[in-house]
Amino acid sequence: MQPIKETAANVAASAKSGMDKTKATVQEKMERVTAHNPTEKEMATERKEEKIHRAELSKQEAREQNAAARMAANTGGSYSYTAAGPTGQATGAHQMSALPGHGTGAPAGAHGTEGTVNSHPIGTATGTGRPTTAHNTHVGGSAGTGL
């Protein structure tokens, strides 16, 4: 399973790199069209080359990190795969979500926990007095009358 995850993350990193390179090329063309002198055109080309270099570097860093993640997984550790380079982190005891209590391993359905909101099943307490969540005027009427 780990080689599939690594391959998928590497493909995503390559795709992201390709999109970044294309974006840099399009931006350079727009800047060259709006440039008023040769110096501005040269600066646009240099910015494009820098962005392409950064995109390629980010892709290589992502590939290296994904290889490290595979090695960590093979040795019993846990690690996240990435398409964005060196932003992945080991998945240890840190909270995985920005939502309070989400992703921390706390039991689901804890009532009265400070900083959380209780949820309700879909379709109940909608305030419509009907058992459904939407008001459909075509439901419950005579056939063919549209009521």
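Look a little higher up for the structure.
We now turn to the structure provided with this report.

Reading the values: rules and limits
Residues numbered from 1 in each chain as written. Predicted model: local features only at pLDDT ≥ 70, side-chain atom pairs only at ≥ 80, totals over all residues. Heavy atoms only, no water. Salt bridge = Lys/Arg side-chain N within 4 Å of Asp/Glu carboxyl O. Helix = DSSP H or I, 4+ residues; strand = E, 2+ residues; numbered from the N terminus. Buried < 20%, exposed > 50% of the residue type's maximum accessible area, 1.4 Å probe, protein only. Expected span 1.5 Å × (residues − 1). Contact = heavy atoms within 4.5 Å. Polar contact = N/O pair within 3.5 Å; in protein donor to acceptor, adjacent residues only side chain to side chain. 1 Å grid on protein atoms, 1.4 Å probe; cavity = no way out; pocket = protein on both sides within 12 Å on 5 of 7 lines; lining within 4 Å. Points joined across faces, edges and corners; volume = space filled by probe spheres on them. Nonpolar A, V, L, I, M, F, W, Y, C, P; charged D, E, K, R; others polar.

### Some points on the pattern of salt bridges
If you walk through the whole model with that rule in mind, you get seven salt bridges. Glu6 is the salt-bridge partner of Arg70, the closest N and O atoms lying 2.4 Å from each other. Remark: Glu6 occurs in helix H1 (residues 2-34) and Arg70 occurs in helix H2 (residues 38-74); sequence separation between them is 64 residues. When its relative accessible area of 11% is taken as the criterion, Glu6 is described as buried.

### Describing H2
Under the 1.5 Å per step criterion, the end-to-end length of H2 is 54 Å for 37 residues, consistent within 8% with the ideal 54 Å. Where H2 is concerned, the buried positions are Ala44, Thr45, Lys48, Ala55, Lys59, Ala62, Gln65, Asn66, Ala69 and Ala72. On its buried face, H2 is in contact with H1. Capping the start of H2, Asn37 holds a side-chain oxygen 3.1 Å from the backbone nitrogen of Thr39, two or three residues further along. Phi for Gly76, located one or two positions after H2, is positive at around 95 degrees.

### Description of empty space enclosed by the protein
Here the structure, examined in full by the defined rule, presents two cavities of 30 Å³ or more. Each pocket or cavity is described by its volume, and for the second largest cavity that value is around 30 Å³. Considering the residues around the second largest cavity, the lining is formed by Ala24, Gln27, Glu28, Glu31, Ala44, Arg47, Lys48 and Lys51. Counting residues per element, the ones that place at least two in the lining of the second largest cavity are H1 and H2. Looking at the lining of the second largest cavity residue by residue, the classes come out as two nonpolar, one polar and five charged.

### Digging into the environment of Lys51
Inspection of the secondary structure puts Lys51 in helix H2. It is 7.0 Å that separates the C-alpha atoms of Lys51 and Lys21, two residues lying 30 residues apart in sequence. What Lys51 contacts, discounting residues up to four positions off in sequence, is Ala24 and Gln27.

### Let's talk about the side chain of Glu28
Mapped onto the fold, Glu28 is located in helix H1. Every residue in contact with Glu28, bar those within four places of it in the chain, is listed here: Ala44, Thr45 and Lys48.

### A few points about H1
Since the α-helix advances by 3.6 residues per turn, residues separated by three or four positions end up pointing in the same direction. Between its first and last C-alpha, H1 extends 48 Å over 33 residues, near the 48 Å set by a 1.5 Å rise per residue. The complete set of buried residues in H1 reads Glu6, Ala9, Asn10, Ala13, Ser17, Ala24 and Glu28. Next to the buried residues of H1 lie H2.

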